[in-house]
Protein chains: 2
Amino acid sequence: PGNIKSMVINFTRSITKIGKDDPRRVFHSLKVAFALTLVSLFYYSRPLYDGFGVAGMWAVLTVVVVFEFSVGATLSKGLNRGCATLLAGALGVGGQHLATAFGEREKPIVLGILVFILAAGATFFRFFPKIKARYDYGVVIFILTFCLVTVSGYRVEQLFELAHQRLSTILIGATACMVISIFICPVWAGEDLHKLVASNIEKLANYLEGFEVEYFHCSEGKEKCEKSVLEGYKSILNSKASEESLANFARWEPGHGRFRLRHPWKQYLKIGVLTRECAYKIETLNNYLNPEIQTSLEFKCKVQEPCTKMISESNKALNEISSSVKTMTHPSAAKSHIENSKTAVEDLKFVLATVSLEDAELLTIIPVATVA
Amino acid sequence: PGNIKSMVINFTRSITKIGKDDPRRVFHSLKVAFALTLVSLFYYSRPLYDGFGVAGMWAVLTVVVVFEFSVGATLSKGLNRGCATLLAGALGVGGQHLATAFGEREKPIVLGILVFILAAGATFFRFFPKIKARYDYGVVIFILTFCLVTVSGYRVEQLFELAHQRLSTILIGATACMVISIFICPVWAGEDLHKLVASNIEKLANYLEGFEVEYFHCSEGKEKCEKSVLEGYKSILNSKASEESLANFARWEPGHGRFRLRHPWKQYLKIGVLTRECAYKIETLNNYLNPEIQTSLEFKCKVQEPCTKMISESNKALNEISSSVKTMTHPSAAKSHIENSKTAVEDLKFVLATVSLEDAELLTIIPVATVA
């Protein structure tokens, strides 16, 4: 019983943690439940189970599959599903028409060939990187609908009625998802991307600050700076996938807040790439904090003055850039900090050319991107 | 017309490129098409469209949604789908029983509350990282099936018949997928992971070799080494996501080839992490190839001898490790190379302590992992 009790406590703890990390998750769960209850009751209240009723199932199915965390993802799936169903439905009716023209005995063979060709082609199509990123779900639904329509064995008149029912229920489901996800506590992928990029640059700045304290002042007996600051940059190293998927979803979103339609999401990806490059350099820099690698005090003293200057200026520049990304203004003050730190780098080069080449790089790369 | 022609040419070119990059993609497309045709014709040939017929649709749906590129992914989806359907079906029947007990007027309200609670809970559950990685699809199907069953409005006897039909068709679809994906040209996620990890280490070794040529010998007028060798390591930087998903799928796969059941997939992930750390260091090293950063020839000459030794020994060690991963043997020869390169590093330290600290690190990290 003690074992079970501790399991329950652990479980509750992880639930509260997940909820607290991002309270929008709780809202999202409630939103999905709301949409689903709405559609389910709509389905339940229809008295005609043998006619329209079975098609009503598609509304429930659509809500479950389409409703995603961010508005962009929901819109992308909803639109993919709608368009693919329409297109495949039309093609399917055509395919059946064609097969029927061949006569009753050949019909199954023709149908089989059609399904085979279409399925093979569309599945191969999914390997195209661009299709995979944006229309993968649409292609899956396309294959599915085409098969269901061609093989259904209904006559064409029946087919049209069926298609009408199914399309309208899918439309009801998809619309419910989209409306609820846009108007009730929306989670914008674009906003998330924006915040992620800004906070990543800020993490770099924090690291540099922490590095300075750790590397130059630890011998003076000061308190060590917090571990979390020094490890914050690690999450940047692997941020590529999440940034790309957010940018992908952001493209589907309508204009909102300070983000216009056709907001330059690709620029965010570029900044992301540069931020990651800086993080790789910081990863290398981080090795010098390893207690096993002892640098002589003499060396540290020689290097300290220009290094500190350079780091603090880099730090200011990064903070400036981060806040200018946040507020969407031009990072004018950052330029002077970059110039200052470049001169500091030159000073340092007189002392020693090697250790800090990374930072010089780091600073020449960033402004190019952010100003652009 | 010229425009269209060039588009067509481009399109064909990208098709052949995708097919040549990995011929298994073509086989995969054919396999999916084969499975789908099989199931579709099975569905078509049933004469009872009003009874069993509609349920046959679920077999088609299952094939389209479940059939993935690797065996592991297909098995994971198929098993998730099967188990979730069973569990949710049972719960759904229970839920409807409960709701019916409340009386005709209260039934919709009770059903609504049940659906709401379950959907909210299950959706929140999807945010747990472990669930997300392995059972995400199962949870989605669980919500879907539960809603469809509770809200269907059928009487319990009808429900059992419906459940039986639906389960058996889903089973047919899922079994077709699994059998075809395992027995016809299987694509094992485990094997892919294995190869990916080995080739990543090899890329590091190649890079070091290329680096040596480029950095020390380019002044002698030799040909430049190929660009692709020097950029191979870049793909490692962002390999985390793909490695993790492959390891995830590999866990679902039955034993095959030299991979037993319960193969230590987690070790692969650890090697992957270390490989990435090395790649970060190489990324920094790569900056020294930048033509804008001119190092004095004098400095190069001083450093050349121990550096060359160190690099070639590191290179041998990495190659050794890579081939030992490939052949699944113990990398005994690698150890001596590592020792050699460590002494070379010591030699180098006499000359200069800074530039090459990275490599020393690089070498102390790797063997710990691979031997473990």
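Here the structure is a predicted model, which is why all the values come from computation and not from measurement.

## Some remarks on the overall build of chain A
Alright, step 1. Counting its regular elements, chain A contains 15 helices and 0 strands.
Alright, step 2. The buried share of chain A, reckoned over its 372 residues, is 50%.
Alright, step 3. Here chain A displays about 18,000 Å² of accessible surface, and carbon together with sulfur accounts for 64% of that area.

## Describing the packing of aromatic side chains
Alright, step 1. Per the counting criterion, the structure on display carries 14 aromatic pairs over all chains.
Alright, step 2. Measuring from centroid to centroid gives 5.4 Å for Phe69 of chain A and Phe127 of chain B, while their planes differ by 75°, and the two rings are edge-to-face. In this pair, Phe69 of chain A is assigned in the loop between helix H3 (49-66) and helix H4 (71-101) and Phe127 of chain B in the loop between helix H5 (107-125) and helix H6 (129-134), connecting two distinct chains.
Alright, step 3. Looking at Phe69 of chain A, the relative accessible area reads 22%, which means it is partly exposed.
Alright, step 4. A ring pair is formed by Phe124 of chain A and Phe128 of chain A, whose centres lie 6.4 Å apart and whose planes are at 85°; its orientation type is edge-to-face.

## Observations concerning H4 of chain A
Alright, step 1. Taking 1.5 Å per residue as the helical rise, H4 of chain A with its 31 residues ought to reach 45 Å, and the 45 Å between its terminal C-alpha atoms agrees with that figure.
Alright, step 2. Looking one or two residues past H4 of chain A, Gly103 of chain A carries a phi angle of roughly 100°, positive in sign.

## What about the nonpolar core?
Alright, step 1. Grouped together as the largest cluster of nonpolar side chains are 91 residues, with contacts concentrated most on Leu36 and Val60 of chain A together with Leu36 and Val60 of chain B.
Alright, step 2. Filtering out sequence-adjacent residues up to four positions away, Val60 of chain A remains in contact with Leu36, Val39, Ser40 and Tyr43 of chain A together with Leu144, Cys147 and Leu148 of chain B.

## Here's the deal with the packing of H4 of chain A against helix H6 (residues 129-151) of chain A
All names here are of chain A.
Alright, step 1. Running from N to C, H4 and H6 cross one another at 30°; their axes reach a closest spacing of 7 Å. Looking at the two axes, H4 sits roughly parallel to H6. Between H4 and H6 lies a crossing of right-handed hand.
Alright, step 2. Looking at side-chain class alone, the contact of H4 with H6 contains 11 nonpolar, 9 polar and 3 charged residues.

## With respect to the state of the cysteines
Alright, step 1. The full count for this structure, using the stated rule, is 0 disulfides over all chains.
Alright, step 2. Cys83 of chain A forms no disulfide, and the closest cysteine sulfur to it belongs to Cys177 of chain A, at a distance of 15 Å.
Alright, step 3. On the basis of relative accessibility, which here comes to 52%, the residue Cys83 of chain A falls in the exposed class.
Alright, step 4. Looking at the unpaired Cys147 of chain A, the closest cysteine sulfur is the one in Cys177 of chain B, lying at 12 Å.

## Considering the side chain of Ser29 of chain B
Alright, step 1. Along the chain, Ser29 of chain B turns up in helix H2 (residues 24-45).
Alright, step 2. A residue is classified by how much of its surface remains accessible, and Ser29 of chain B, at 2% relative accessible area, is buried.
Alright, step 3. Looking at Ser29 of chain B, its side chain comes within polar contact range of the main-chain nitrogen of Phe124 of chain A, at 3.3 Å.
Alright, step 4. Ignoring any residue separated from it by four or fewer positions in sequence, one finds Ser29 of chain B in contact with Ala120, Thr123, Phe124 and Phe127 of chain A.

## Some thoughts on the environment of Lys17 of chain B
Alright, step 1. Relative to the elements of secondary structure, Lys17 of chain B occurs in helix H1 (residues 2-21).
Alright, step 2. Lys17 of chain B sits 249 residues away from Lys266 of chain B along the chain, and the two C-alpha atoms are 33 Å apart.

## Quick notes on the pattern of salt bridges
All names here are of chain B.
Alright, step 1. Scanning all chains against the criterion turns up 12 salt bridges over all chains.
Alright, step 2. Between Arg24 and Asp22 there is a salt bridge, with its nearest N and O atoms 3.0 Å apart.
Alright, step 3. Classification of Arg24 by relative accessible area gives partly exposed; the value is 28%.
Alright, step 4. For Asp22, a relative accessible area of 14% corresponds to the buried category.

Calculation rules
Residues numbered from 1 in each chain as written. Chains lettered and ligands numbered in written order. Predicted model: local features only at pLDDT ≥ 70, side-chain atom pairs only at ≥ 80, totals over all residues. Heavy atoms only, no water. Helix = DSSP H or I, 4+ residues; strand = E, 2+ residues; numbered from the N terminus. Buried < 20%, exposed > 50% of the residue type's maximum accessible area, 1.4 Å probe, protein only. Areas by Shrake-Rupley, 256 points an atom, 1.4 Å probe, with all protein chains shown as cover. Phe/Tyr/Trp six-rings, centres within 6.5 Å; stacked < 30°, edge-to-face > 60°. Expected span 1.5 Å × (residues − 1). Core = buried A, V, L, I, M, F, W, Y, C linked by side-chain atoms within 4.5 Å. Contact = heavy atoms within 4.5 Å. Axes fitted to C-alpha atoms, helices over the stretch in contact; angles between N-to-C directions. Parallel < 35°, antiparallel > 145°, perpendicular 65-115°, else oblique. Left-handed = near helix turned anticlockwise from the far one by under 90°. Nonpolar A, V, L, I, M, F, W, Y, C, P; charged D, E, K, R; others polar. Disulfide = S-S within 2.5 Å. Polar contact = N/O pair within 3.5 Å; in protein donor to acceptor, adjacent residues only side chain to side chain. Salt bridge = Lys/Arg side-chain N within 4 Å of Asp/Glu carboxyl O.

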